[in-house]
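Residue-level structure breakdown
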Amino acid sequence: MKTQFKKRLAAFMVFVFLLSLTGCGGGDAKAPGVSLNEDFNIPLGSLTEASTEQSTTEAEKEYEYAEGENEEFQKFIKEYFENSVTVDSTYFNSYVQNGEHFGIERPEATLGDSDMSEEAIEKSKKKDEEFYNKLIAFEDQPLNEDERFTYRCLKEDTEINLRLYDYIYLTDPFSPGNGNQEQLPSIFTDYRFNDKRDVDDYVELMKQSRAYFKDLIDFEYTKSEKGTFMSDAAADKVIEQCDTFMKDKENHFVLDAFNTRVEKLEFLTEDEIKEYKEKVKDAFENYLFPAYQDLKDAMQELKGTGKNDKGVCYFENGKDYYAKYIFPKRSGSSKTVEEEIQYMDDRMNKLLVDLSSIYYSNQEAFTEYENRRADQTIYKAYDDMSAEEVIDMLQEDYMDDFPMATASIPYEFDMMGEKRGKISDSTLAYYELSPVDAPEQNHICLNDTKKGGLVLTLAHEGCPGHMLQTYYFRNTNPNLARSISFNLGYIEGWAVYSSYSVTEKLDFLGKEEYGDVFGKIDRIYTDMLYLVEGRVDIGINYEGWGEEEIKNYLQKNGLSVEDVSEFMVSHAADPGVMLSYTTGYFEMLELREKAESELGDKFDVKDYHKAILDVGPCQYKFLSEKVDEYIEKNK
């Protein structure tokens, strides 16, 4: 029976892997401005051996908090906020609805500084070191509890971020899964139009797109010279994305999206609407469209110069890059990579046991689940609903375990459309963060080229996932620095963790006899899929796995995939992209299990979730401290 069970599991896994599940894609929860390239557009900090040691010992300190605010630190975090949201127009447009609310002016229309020359990189590093030195000047100053927590979070983030400079030529602005060519369409389809100035800026940003790409293309040539250009398979994917973008120039989805939206702007006259349509079409044809042709030409010319078609660890210092930057940056975890490997391997064994237990306790339900999964009807009751109906259902029926700032969270919803969906093939859907001063402006976009699984996807993006987390935290009125914190491990970890709570409670609208069992099985399968993606990512990029090692890992765990080349290409081209979903979730789960274990009957799940959401995005070592405080308070 054990062999039969593993064969059943293998058949299921083959089916799902063929759907190329990658969570919700690299751009799942869209950070304002980060929709271009988060590695190059965030304030960075410096890291030295001394600062690393300081960071280690700091966690052991017991702090005496000041009663009042530190005026200089408050000024510092306000300047940090202003500098961050004005770094380019996409940040400002996404984070800020009304600059007057914060006493800041919107920046001149700009996509940001894309210069990646050695001189520009050195200048950026110097600027970030100056920021870090200003920050650590507050180390021994009196700070209240909120200020000290903010200081420690900023310090940890800036120390991690500076490590990027040591590995800058291992980064890639045009990676297939998370590159600018994949992200830029979202900028021009999601840009918020609050007033006429926004529409003017939009036109100007489109005019800058070709020059923006040119700087990053120049960086690709530099990478080629240094032997760190992408593999041929990755280059082919980028070329394919460019070809997809450049199809149907006259009826392009970017133009369609703009025309549809501009027609609804009440602050424009009919003549102004017509004029803006003409301006955007001109900018599209002369700047944005040629930018993708430039990129395609460069990729075709550079293809063949890549020297590594495996994981990043095969580049010089690549293993250190993964361990010291990618892993902590993407996951938010303070574990070592080796510790995470052990955790993942142990968890896979546990999930197999859990699945086996369900199988032996209710084989009839298990068989029925497999049959419905095979013919893709397992979620038919929900897939027949509209996306809006699913989002509303989740808010109305599945929020008992979660604190809500209001009875229901307002949102806007739209579909990518076929053309854009193919470019963003690795993205099932995404939630775009609301402005700090307008938490009611929530936006969810669904990739309609991906079929099925609507309820799980929207639980992740909507409630109780990204939309609930962001809306709730915005309404706690965090300080300005914390209001723009964007820790992927926390954000995606919460979305996976919270959406699982929905999965296990689905009743399939009362249309499935075994609905309660289906939910449990599906949660385990989804958990396994995420885990496999994360473990293979580490295997490829840290341990140096080739295709044989990938196959061996899958077979060892009762899984079977004939062609694993897609694993190699996707994970090698975008190393660490799954860590926020996998390790981020595992960290979130460990904290829940700790709180339940120590509080026993005193554990209240809704109150616990409130404690997690009150903290907001941060590295898990800081969240863990807050959970310890919560446990101690409620014993």
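Since we're looking at a predicted model, the values are computed, not measured.

Below, the discussion takes up the overall build of the protein. The helix and strand tally for the protein stands at 28 helices and 4 strands. Residue burial in the protein is summarised as follows: out of 635 residues, 59% are buried. Restricting to contacts in the protein with at least 6 residues of sequence separation, those with at least 24 account for 81%. For the protein, the exposed surface amounts to about 26200 Å²; the carbon and sulfur share of it is 44%.

With that settled, the discussion passes to a negative patch on the surface. Taken together, the side chains of Asp-232, Asp-309, Glu-547, Glu-548, Glu-549, Glu-562 and Asp-563 make up a negatively charged region of the molecular surface. With 3 residues, the top contributor of residues to the negative patch is helix α24 (residues 547-556). In this fold, Asp-563 is placed in the loop between α24 and α25 (565-573).

Here we come to the pairing of strand β4 (residues 443-446). What you see with β4 is no split at all: His-443 and Cys-445 on one side and Ile-444 and Leu-446 on the other are buried throughout. Examined bridge by bridge, strand β3 (residues 429-432) and β4 share 4 bridges and lie antiparallel to one another. In the strand pairing of β4, Ala-429 is matched with Leu-446.

Let us now look at the packing of helix α22 (residues 488-503) against helix α27 (residues 605-615). Contact geometry of α22 with α27 gives a least axis separation of 12 Å together with a crossing angle of 160°. Classified by the angle between their axes, α22 and α27 sit roughly antiparallel to one another. Every pair of crossing elements has a handedness; the one defined by α22 and α27 is left-handed. For the pair formed by α22 and α27, the contact residues are Tyr-490, Trp-494 and Tyr-497 on the first element and Tyr-608, His-609, Ile-612 and Leu-613 on the second. Within the contact of α22 with α27, the residues separate by chemical class into 6 nonpolar, 1 polar and no charged.

The amide bond that connects Cys-463 to the next residue, Pro-464, takes the cis arrangement and shows omega of 10°. Positive phi values are uncommon outside glycine, yet Asp-248 reaches one of about 55°. Here Asp-248 shows up in the loop between α10 (232-245) and α11 (253-262). Even without being glycine, Asn-477 reaches a positive phi, approximately 55°. Mapped onto the secondary structure, Asn-477 falls in the loop between α20 (466-474) and α21 (480-483). Owing to a relative accessible area of 68%, Asn-477 belongs among the exposed residues under this scheme.

With that settled, the discussion passes to the packing of helix α23 (residues 515-541) against α24. Interaxial distance between α23 and α24 falls to 11 Å at its minimum, and their mutual angle equals 145°. When you trace α23 past α24, the crossing you get is right-handed. Counted together, Leu-531, Val-532, Arg-535, Val-536 and Ile-540 of α23 and Ile-550, Tyr-553 and Leu-554 of α24 form the full contact between these two elements. When its residues are assigned to classes, the contact of α23 with α24 shows 7 nonpolar, no polar and 1 charged.

All right, on to the packing of aromatic side chains then. Overall, the coordinates contain 37 aromatic pairs when judged by the stated rule. Ring centres of Phe-193 and Tyr-202 lie 5.4 Å apart, and the angle between their planes is 70°; on these two criteria the pair is classed as edge-to-face. The exposure class assigned to Phe-193 is buried, which follows from its relative accessible area of 11%. Assessed through its relative accessible area of 0%, Tyr-202 is described here as buried. An angle of 40° between the planes, with centres 6.3 Å apart, marks the rings of Phe-245 and Phe-284 as tilted. In this pair, Phe-245 is assigned in helix α10 and Phe-284 in helix α12 (residues 270-302), connecting sequence segments 39 residues apart. A single burial state applies to Phe-245 and to Phe-284, both of which are buried. Here the aromatic cluster, defined as three or more aromatic residues joined through ring pairs, consists of Phe-174, Phe-213, Phe-245, Phe-253, Phe-284, Phe-289 and Tyr-292.

Turning our eyes to something else, we now look at the pattern of salt bridges. Summed over all chains, the structure comprises 35 salt bridges. In this structure, the salt-bridge partner of Lys-226 is Glu-118, at a minimum N-O distance of 3.9 Å. On the criterion of sequence distance, the pair formed by Lys-226 in the loop between α9 (196-225) and α10 and Glu-118 in helix α6 (residues 118-136) is long-range, its members being 108 residues apart. Residue classification places Lys-226 among the partly exposed residues on the basis of a relative accessible area of 42%.

Taking 1.5 Å per residue, 27 residues should reach 39 Å; α23 reaches 39 Å between its end C-alpha atoms and fits that length. Summarising burial for α23: 25 of the 27 residues are buried, a large majority.

Quick look at the environment of Cys-313 now. Here Cys-313 shows up in the loop between α12 and α13 (318-331). Spatially, the C-alpha atoms of Cys-313 and Tyr-542 are 5.5 Å apart, while their sequence positions differ by 229 residues. Residues within four places of Cys-313 in sequence aside, it is in contact with Gly-318, Lys-319, Ile-540, Asn-541, Tyr-542, Glu-543 and Gly-544.

By the secondary structure assignment, Asp-88 is in the loop between α4 (71-85) and α5 (89-95). A polar contact is formed between the side chain of Asp-88 and the side chain of Thr-90, at a distance of 2.5 Å.

With that out of the way, let us pick up the confidence of the model for the protein. Taken as a whole, the protein shows an average pLDDT of 88; of its residues, 88% reach a score of 70 or greater. In this model residues 25-57 is a low-confidence stretch, pLDDT under 50, and it forms 109 contacts with partners more than four residues away in sequence or in other chains.

Moving on: the environment of Leu-205. Within the secondary structure, Leu-205 sits in helix α9. For Leu-205, a relative accessible area of 0% corresponds to the buried category. When the C-alpha positions of Leu-205 and Leu-288 are compared, they lie 9.4 Å apart, and in sequence the two are 83 residues distant.

The next point concerns the side chain of Arg-474. Mapping Arg-474 onto the fold places it in helix α20. Here Arg-474 occupies a buried position and makes no salt bridge, while the nearest side chain of opposite charge, Asp-437, is found at 7.6 Å. Among all residues touching Arg-474, those that are not within four sequence positions of it are Tyr-95, Leu-433, Ser-434, Pro-435, Val-436, Pro-439 and Ser-483.

Structurally, Leu-589 can be placed in helix α26 (residues 579-599). Spatially, the C-alpha atoms of Leu-589 and Tyr-497 are 6.9 Å apart, while their sequence positions differ by 92 residues. Setting aside residues no more than four positions away along its own chain, Leu-589 makes contact with Tyr-343 and Arg-347.

Tallied over the entire structure, the rule returns 0 disulfides. There is no disulfide at Cys-618, and the cysteine sulfur nearest it, in Cys-153, is 5.0 Å away. Looking at Cys-618, the relative accessible area reads 3%, which means it is buried.

Cut-off values and rules
- Residues numbered from 1 in each chain as written.
- Predicted model: local features only at pLDDT ≥ 70, side-chain atom pairs only at ≥ 80, totals over all residues.
- Heavy atoms only, no water.
- Helix = DSSP H or I, 4+ residues; strand = E, 2+ residues; numbered from the N terminus.
- Buried < 20%, exposed > 50% of the residue type's maximum accessible area, 1.4 Å probe, protein only.
- Contact = heavy atoms within 4.5 Å.
- Areas by Shrake-Rupley, 256 points an atom, 1.4 Å probe, with all protein chains shown as cover.
- Patch = residues over 30% accessible without salt bridge, like charges linked within 9 Å, V, L, I, M, F, W, Y side chains within 5 Å.
- Salt bridge = Lys/Arg side-chain N within 4 Å of Asp/Glu carboxyl O.
- Lys, Arg positive; Asp, Glu negative; His and termini not counted.
- Charge placed at Lys NZ, Arg CZ, Asp CG, Glu CD.
- Pairing = 2+ DSSP bridges.
- Axes fitted to C-alpha atoms, helices over the stretch in contact; angles between N-to-C directions.
- Parallel < 35°, antiparallel > 145°, perpendicular 65-115°, else oblique.
- Left-handed = near helix turned anticlockwise from the far one by under 90°.
- Nonpolar A, V, L, I, M, F, W, Y, C, P; charged D, E, K, R; others polar.
- Phe/Tyr/Trp six-rings, centres within 6.5 Å; stacked < 30°, edge-to-face > 60°.
- Expected span 1.5 Å × (residues − 1).
- Polar contact = N/O pair within 3.5 Å; in protein donor to acceptor, adjacent residues only side chain to side chain.
- pLDDT = per-residue confidence, 0-100.
- Disulfide = S-S within 2.5 Å.

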